[in-house]
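As a plain string of letters, each chain reads:
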Amino acid sequence: MAQRRRENIPHLPTEEQYLNCIRCGLCLSACPIYRETLRETDGPRAHVVLVRKYAEGELDISPEFVDLMYKCLDCEACNAICPVGIRPADLAMEMRQVIHKTTPQPWLKKPIFHGYFPHPLIQELSVLPLLLYQRLGLQTLARKLGILKLLPRQLQDMEHMVPELPARSLRQVLPEEIPPMGEEKHRVAFFLGCFQSTIFAQESEATVRVMARNGCRVFTPKQVKCCGMPAAGYGDIDLVKSLARFNIDLFLPLNPDVIVTDCATCGSTLKHYGEILKDDPEYAQKAEAFSAKVRDISEFLMSIDIRAPRGEIRARVTYHDPCHLVRAQKVRKQPRDLLKLIPGVEFVEMKESDWCCGSAGTQILTHYHNSLAVNRRKMENVRATGADIVATGCPGCQMQLTMGSNHYNVNVRVVHPIQLLEEAYRREEAQIADETSTGE
Amino acid sequence: MIEPRVVKELEAVVGKEHVLSSPEDLIAYSYDSTFEEHKPDIVVSPANTEEVSQVMRIAYRENIPVVPRGMGSGLAAASIPYSGGMVLNLTRLNRILEIDQENMIAAVEAGVVTADFQATVEEMGLFYPPDPSSIKHSTIGGNIACNAGGPRCLKYGVTSDYVLGLTAVLPSGEILKTGGKAIKNVTGLNLTQLLLGSEGTLAVITEALLRLMPKPKYTRTAMVTYMQLDDAARTVNAILLEGVVPATIELMDDTTINTIEEYLHLGLPTDAAAILIIETDGSDEQTVLREMETVARVARECGATDVKVAQSDAERNELWRGRRSVSPSLARRRPNKLGEDISVPRSAIPEAIRRIKAISAKYNLPIVVFGHAGDGNLHPNILFDKRDPDEWHRVEQISGEIFGMAVELGGTLTGEHGVGVLKQPYLEMALGKTAIAIQQGIKKVFDPKGLLNPGKKFPAA
């Protein structure tokens, strides 16, 4: 049986990946889920052992086994701490691929991943009810009347996650080419993420403006499709590959110096296209070239000679490290440097800034209690800083932190660092306008 | 198999979700930090002493073997449930109950992670010195059950030096309290110390009263290089004779140095026979500096070829990086490693290392030696591939020879990992028949039915 499992499943983790595990247990100390449930089975060490038992034919894929692999936040804290270089989080993700290929999948999965995520227009239409709810005053009414209190707490929390939606998706309104203000120094292709287009449009608008202000000609292809992370998270690697090929064909012909995204999750996936397509004879090289150009917005801005804004933002600001930025992309210093560029910002480091916030995409839907428990630890650390603002470069984290600040009564505003930077530039302009008008 | 009515009873005590028996759960509680494994029939996770007591009462009545377990970082297989039965998972007992700043004493539950506890007291300017390498993923209860040590033990002593009192649950379910907040206490037999290092065979430790110290404010760290192993060993004693007690004196032998260097390229001297990492600390900066000057002078007098004293925190971290990377470096070299923790008189260190090298050559398997030179506690690590039955056979022979050598040099089998099951075959050689018989008698008093962590630490009477 073990032999058959090895042969039939192309993505079965290699023997080295679990054989070298010395079972020291250090990963348990870094696992946000284990630290909440205190149950060995939920921890990375158990995942390594269980995958091995599965491969050796001693353990079958049971609903519990599936749940364990899906309970993992993929925050990669275990990958980072493992003294031997085992990557337990990757192993859980690869097991999801095995599960996807070998066991019957929930009926909703196909329509969601094949019908929804790859189609921006359908995504945009899907937020319409929420938009109407917000724009017709229903949200205000519902919140004032306390109707929400009648909902289960999970739905209340989700209602609070979503910021005010833009009237139209950014993908539809953003020009495909924006010229630089002043001299052209960089040719940038902007990868507009799904969330950034439909929910956090203001942020991506800010991203594009900041780049233009700093000598970038910005191309934003409208046909851009989902980076593939949601499908990857649910084990559908073939779909990820087809999305990757589509995006590569869309972006590479633009011949940009860099491909920039302001979504930590998109960035981490795009940077992995090379790895994802390494066995594709036609795309391997192109994917490698594509990934080599990908930069997170803070990473990009701090690598060019950006001009510090003169407008002030007087606030105590702390920063939460998204897992997909700090570990998946090793971007730790740049977002902080970016925030410190802003006059008036008092930057305070929070304890365990790189501890997962509990979002991990859809955990609030699928593992509500764990997600909330992990978030409590984060919100306590935020509270301890006494910050007015918590900045973070991932839409998933932003929604989770917003939810948490409401759930745990922590009085903070949650923003993307780029928003603050853009705000500072705008204040600078307003100041200049003021000065000129008083001058007259 | 545990009968369904008993499972129901256990669920009533700890809650349904804290009684585990899925195939996945049983696998997850079948191992620790060794390569040994055996599945339990059930895993029960109580939340406090009272629940532990009720669970134990049930197990005792039903004759179910019980194996207490924390985070499973043990290195002697002491928490592997070989006899099946119940794994009593104590990680949910994770509250710091009290920090009495005036008396510098803390009351904690057994499942508190040692590093978390240290961080909490250090924020208050206090200090809990025991620092096993597993500090981030081992619990206070486990540290007590194994009487864990660590690099700082030279100056500050081991876990047992910091435990003033214990709350423990006997196999019958009765709750036993020992010691107390009084620093001096000679009332009756010292049951606190008896439970220290008992590896879960006498009672289930659920709470502890721990002695704290003021946190040392200043630290100096040096890396000292030697071309002769004996020079390194002489340095250790010479420093202590000068009246300086460093916080740590850590030793790495040439194989260790080369293995780390191969993996990390830190620029360590690969031609050296040994490196010592020496740290002085204290509350008075001048004293700490002066002690480090003495250390450097003595080291040179003893033949050190290089003494590098860290000038900043960054440099200090860099010096420690090599020592901290020993385990990962080893694991990258071969799939498996067996880490022993023999303890010998300080003066016997060079002889011990020489003999270990001879054993390594004889059986043709790499053995690296590092450890706490200040207290004679060495970690010979045998590197091998368990898939090869011949190699595994050689590993067993090597272990036997190393233990024999340690005892011959006036040392012992284990300095900090405990006996568990891995070292049991050598117990009589180390302790003698009489000592074992007395220990078996004590076990009978605590655990007449022999249900608590059966087959561990000492052979059944």
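Above this note sits the structure.
Residues numbered from 1 in each chain as written. Chains lettered and ligands numbered in written order. Predicted model: local features only at pLDDT ≥ 70, side-chain atom pairs only at ≥ 80, totals over all residues. Heavy atoms only, no water.

A. A look at the overall build of chain A. Secondary structure assignment for chain A yields 28 helices and nine strands. What you see for chain A is a C-alpha radius of gyration of 22 Å, in line with the 22 Å of a compact globule of 440 residues. Counting only C-alpha atoms and orienting by the principal axes, one finds that chain A spans roughly 85 × 55 × 45 Å. The buried share of chain A, taken over its 440 residues, is 59%. Long-range contacts, defined here as pairs at least 24 residues apart, represent 79% of the contacts in chain A between residues at least 6 apart. By element, 55% of the accessible surface of chain A is carried by carbon and sulfur atoms, the whole surface being about 18,400 Å². The centroid of the 54 positive side-chain charges in chain A is displaced by 3 Å from the centroid of its 54 negative side-chain charges. (Helix = DSSP H or I, 4+ residues; strand = E, 2+ residues; numbered from the N terminus. Rg over C-alpha atoms; globule rule 2.2 N^0.38 Å. Buried < 20%, exposed > 50% of the residue type's maximum accessible area, 1.4 Å probe, protein only. Contact = heavy atoms within 4.5 Å. Areas by Shrake-Rupley, 256 points an atom, 1.4 Å probe, with all protein chains shown as cover. Lys, Arg positive; Asp, Glu negative; His and termini not counted. Charge placed at Lys NZ, Arg CZ, Asp CG, Glu CD.)

B. Examining the packing of helix α5 (residues 44-55) of chain A against helix α8 (residues 88-102) of chain A more closely. Residues and elements named next belong to chain A. Interhelical geometry of α5 versus α8 gives an angle of 40° and a closest axis separation of 9 Å. It follows that α5 is oblique to α8 by the angle criterion. For the pair α5 and α8, the sense of crossing is left-handed. Here Pro44, His47, Val48, Val51 and Tyr54 of α5 lie close against α8, whose contacting residues are Pro88, Leu91, Ala92, Met95 and Val98. Looking at the contact of α5 with α8 residue by residue, the class counts come to nine nonpolar, one polar and no charged. (Axes fitted to C-alpha atoms, helices over the stretch in contact; angles between N-to-C directions. Parallel < 35°, antiparallel > 145°, perpendicular 65-115°, else oblique. Left-handed = near helix turned anticlockwise from the far one by under 90°. Nonpolar A, V, L, I, M, F, W, Y, C, P; charged D, E, K, R; others polar.)

C. The side chain of A:Thr198, seen in detail. Residue and element names in this part refer to chain A. Its place among the elements puts Thr198 in helix α15 (residues 194-198). A distance of 2.8 Å separates a polar atom in the side chain of Thr198 from the backbone oxygen of Cys194. Dropping the residues within four chain positions of it, Thr198 is found in contact with Glu124, Val127, Leu165, Pro166 and Ser169. (Polar contact = N/O pair within 3.5 Å; in protein donor to acceptor, adjacent residues only side chain to side chain.)

D. How the structure looks around the nonpolar core. Within the largest apolar cluster, 81 residues are counted, with the highest numbers of intra-cluster contacts made by B:Phe117, B:Ile144, B:Leu210, B:Val224, B:Leu251 and B:Leu276. With near-sequence residues (within four places) excluded, B:Val224 lies in contact with B:Ala274, B:Ile275, B:Leu276, B:Ile278, B:Ala299, B:Ala304, B:Asp306 and B:Val307. Formed by 65 residues, the second largest nonpolar core is a distinct cluster that contains A:Phe200, A:Val260, A:Ile306 and A:Tyr408. (Core = buried A, V, L, I, M, F, W, Y, C linked by side-chain atoms within 4.5 Å.)

E. Layout of the interface of chain B and chain A. Tallying the contact residues gives 35 residues for chain B and 31 residues for chain A. Taking both sides of the interface into account, the surface hidden between chain B and chain A amounts to around 2,600 Å²; carbon and sulfur atoms contribute 54%. Viewed at the interface, chain A and chain B are joined by five salt bridges. Salt-bridge contacts for A:Arg35 lead to B:Asp116; the nearest nitrogen and oxygen are separated by 2.3 Å. At the boundary of chain B with chain A, the tally comes to 17 residue pairs in polar contact (both at pLDDT 80 or more). Of all the secondary structure elements, the ones that give two or more residues to the side of chain B that touches chain A are α2 (23-28), α4 (114-123) and α12 (326-333) of chain B. In terms of residue class, the side of chain B that touches chain A is made up of 13 nonpolar, nine polar and 13 charged. (Buried area = accessible area lost by both parts, 1.4 Å probe. Salt bridge = Lys/Arg side-chain N within 4 Å of Asp/Glu carboxyl O.)

F. Fine view of the pattern of salt bridges. Across all of its chains, the model carries 68 salt bridges over all chains by this definition. The shortest N-O distance in the salt bridge between B:Arg297 and B:Glu301 comes to 3.3 Å. Of this pair, B:Arg297 and B:Glu301 are both found in helix α10 (residues 285-301), four residues apart, which corresponds to roughly one turn of the helix. When its relative accessible area of 37% is taken as the criterion, B:Arg297 is described as partly exposed. Through salt bridges with shared partners, one network takes in A:Glu205, A:Arg209, A:Arg213, A:Glu422, A:Arg426 and A:Glu429.

G. Geometry of the pairing of strand β18 (residues 377-384) of chain B. Residues and elements named next belong to chain B. Counting buried positions over the eight residues of β18 gives eight, a clear majority of the element. By the alternation rule, side chains of β18 split into Asn377, His379, Asn381 and Leu383 and Leu378, Pro380, Ile382 and Phe384, which are all buried. As paired strands, strand β16 (residues 336-339) and β18 are joined by four bridges and run antiparallel to one another. Its bridge partner being in β18, Gly339 is matched across the sheet by Asn381. As judged from the six bridges shared by strand β17 (residues 367-372) and β18, these two strands associate in the antiparallel manner. (Pairing = 2+ DSSP bridges.)

H. A look at a nonpolar patch on the surface. Residue and element names in this part refer to chain A. The grouping of Leu121, Leu125, Leu128, Leu132 and Leu136 at the surface amounts to a nonpolar patch, some 500 Å² of accessible area in total. Broken down by secondary-structure element, the contributors of at least two residues to the nonpolar patch are α10 (120-126) and α11 (128-135). Structurally, Leu121 can be placed in helix α10. (Patch = residues over 30% accessible without salt bridge, like charges linked within 9 Å, V, L, I, M, F, W, Y side chains within 5 Å.)

I. Broad picture of the sheet that holds strand β2 (residues 42-44) of chain B. Residues and elements named next belong to chain B. With respect to topology, four strands assemble into an open sheet ordered β1-β2-β4-β3, the strand pairing being mixed. Strands with a single pairing partner mark the edges of an open sheet, and in this sheet they are β1 (19-20) and β3 (66-69). Direction of pairing for β3 relative to strand β4 (residues 86-89): parallel, over a ladder of four bridges. Of the residues in β4, the one forming a bridge with Arg69 is Asn89.

J. Quick look at helix α16 (residues 433-446) of chain B. All names here are of chain B. Given a rise of 1.5 Å per residue, 14 residues ought to cover 20 Å, and the 20 Å separating the end C-alpha atoms of α16 matches this to within 8%. Regarding α16, the residues found buried are Ile436, Gln440, Lys443 and Phe446. For α16, the angular spread of buried residues about the axis comes to 115°, placing them on one side. The exposed set on the far side of α16, more than 90 degrees from its buried face, consists of Thr434, Ile438 and Val445. In this structure, the buried residues of α16 make contact with β9 (175-179), α7 (191-195) and α15 (427-431). (Expected span 1.5 Å × (residues − 1). Arc of directions from axis to C-beta.)

K. How the structure looks around the packing of helix α9 (residues 254-264) of chain B against α12(B). All names here are of chain B. For the pair α9 and α12, interaxial distance at closest approach is 9 Å and the crossing angle is 80°. In terms of their interaxial angle, α9 and α12 are classed as roughly perpendicular. Contacts between α9 and α12 involve Thr255, Thr256, Thr259, Ile260, Glu262 and Tyr263 from the first element and Val326, Pro328, Ser329, Leu330, Arg332 and Arg333 from the second. Among the residues forming the contact of α9 with α12, the class breakdown is five nonpolar, four polar and three charged.

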